[in-house]
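Each chain is listed here by its residues.
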Amino acid sequence: MSLFAFNRPASDDEILISAFMSAGVDSIKIVDLKFHLSFKLSWFAPSDAINFIQSAVSKRLLSKKRNVVELSASLREMQEGRNKMAEERRRVRNEAEEAIQSAIERKGFNDYFREIHAREEVIKSFRVLLKNIEIKVQKNPTIVKATVLISETDANIVEINANALEIIHECDNFPDMAINAGKMCRHIAALFRKLQKMDKELAIELIHKLSVGAALWKFSKI
Ligand SMILES: [Zn+2]
């Protein structure tokens, strides 16, 4: 299988420029160019390859000195233009990738918080006072257990297991909303509001994991 397994370009100019670029040379013996065009690139039968080279010389697309040919000045210019364009495309692509990367890195807790919660649930979570949210954090494996006291009679338990990637919780909206829409309920919003005050690093680690890898998580009822 040839290294350059692409189709023969349509024009003679392009064939010659591509052949010299793929051979990685500025000048080449006619016999080597014939070999390159026929056996390496499989663009011509050997006898057609030699005809093509001779015709390119007579059209002054190639300049020939004894048994060596090189691209004409105008083809070299085209080649340089193509290199510049390829370089420009690479530069633009790299810049775009860097912009995306830095936008990701600039994302903070609040961005993820808004992403994983339905707006309505966030508003409802703010009705819960922080002192009514009780959190216990266990490390190795990391398990965050919270009791969210909405009212004296309405207490909800949320358990986030960061190692098993599982949230165990029971309320009307859970786990359906999480599974179907990828959105968490008011109790989880409340948990994160409090956790961010207690252990900012853990809060961002967990919310990031939930936001970018929602599909990996398991959501179950108690
Ligand atoms: Zn809930």
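These numbers were taken from a predicted model, which means no experiment stands behind them.

Novice: Honestly, the sheet that holds strand β7 (residues 166-169) in this entry has me stumped. Any pointers?
Specialist: Two strands in a sheet stick together by hydrogen bonds in their backbones, pointing the same way (parallel) or opposite ways (antiparallel). The five strands lie next to each other as β4-β5-β6-β7-β8, forming an open sheet whose pairing is mixed. Either end of the sheet is taken by a strand with one partner, and the two such strands are β4 (133-138) and β8 (218-220). The average undirected angle you get between the axes of adjacent strands in this sheet is 10 degrees. Bridge count between strand β5 (residues 143-151) and strand β6 (residues 154-161): eight bridges; the pairing is antiparallel. The partner of S151 across the bridge, within β6, is D154. Running over the sheet, helix α8 (residues 186-198) touches β4, β5, β6 and β7 and is turned about 65 degrees from β4.

Novice: Is there a simple way to think about the nonpolar core in this case?
Specialist: Burial of nonpolar side chains together is a common tendency in soluble globular proteins. Judged by nonpolar contacts, the single largest core of 26 residues is most densely connected at L191, F192 and I207. Every element with two or more residues in this core is listed here: α5 (109-116), β4, β5, β6, α8 and α9 (200-212). Looking at this core, the element that brings in the most residues is α8, giving six residues. The contacts of I207, once residues within four sequence positions are left out, are F109, Y112, F113, I116 and F192. With 17 residues, the next largest nonpolar core counts L33, F52, A56 and L62 among its residues.

Novice: Looking at this structure, I do not really get the pairing of β4. What am I missing?
Specialist: By the bridge criterion, six bridges tie β4 to β5 in an arrangement that is antiparallel. Its bridge partner lying in β5, E134 is registered against T147. Remark: four residues form the turn of the hairpin made by β4 and β5, two consecutive strands paired antiparallel; N140 in that turn has positive phi of roughly 50 degrees.

Novice: Before we go on, may I ask you to explain the sheet that holds strand β1 (residues 27-29) in this structure?
Specialist: As summarised here, the arrangement of the three strands in space is β1-β3-β2, forming an open sheet in which the pairing is antiparallel. Whereas interior strands pair on both sides, the edge strands pair on one side only; in this sheet they are β1 and β2 (62-65). Within the sheet, the average angular offset between the axes of one strand and its neighbour, ignoring direction, is 30 degrees. Note that β2 and strand β3 (residues 68-71) share four bridges and pair antiparallel. Bridge pairing in β3 places L62 opposite L71.

Novice: Which parts of the structure should I look at to understand α8?
Specialist: An α-helix turns once per 3.6 residues; consequently, residues spaced three or four apart project the same way. In this model, α8 (13 residues) spans 19 Å end to end at C-alpha, consistent with the 18 Å of a helix rising 1.5 Å per residue. Within α8, the full set of buried residues consists of R186, H187, I188, A189, A190, L191, F192, K194 and L195.

Novice: Sorry if this is basic, but what is going on with the environment of G108 here?
Specialist: Relative to the helices and strands, G108 is located in the loop between α4 (73-106) and α5. Counting along the chain gives 96 residues from G108 to I204, while the straight-line C-alpha distance between them is 7.6 Å.

Novice: Would you take a moment to explain the environment of I50 for this structure?
Specialist: In this structure, I50 sits in helix α3 (residues 46-58). Along the backbone, I50 and I179 are 129 residues apart, and their C-alpha atoms lie at a distance of 66 Å.

Basis of the calculations
- Residues numbered from 1 in each chain as written.
- Predicted model: local features only at pLDDT ≥ 70, side-chain atom pairs only at ≥ 80, totals over all residues.
- Pairing = 2+ DSSP bridges.
- Helix = DSSP H or I, 4+ residues; strand = E, 2+ residues; numbered from the N terminus.
- Axes fitted to C-alpha atoms, helices over the stretch in contact; angles between N-to-C directions.
- Contact = placed C-beta atoms within 7 Å.
- Core = buried A, V, L, I, M, F, W, Y, C linked by C-beta atoms within 7 Å.
- Buried ≥ 20, exposed ≤ 12 C-beta atoms within 10 Å, placed from the backbone.
- Expected span 1.5 Å × (residues − 1).

Nothing here speaks to function; it is geometry throughout.
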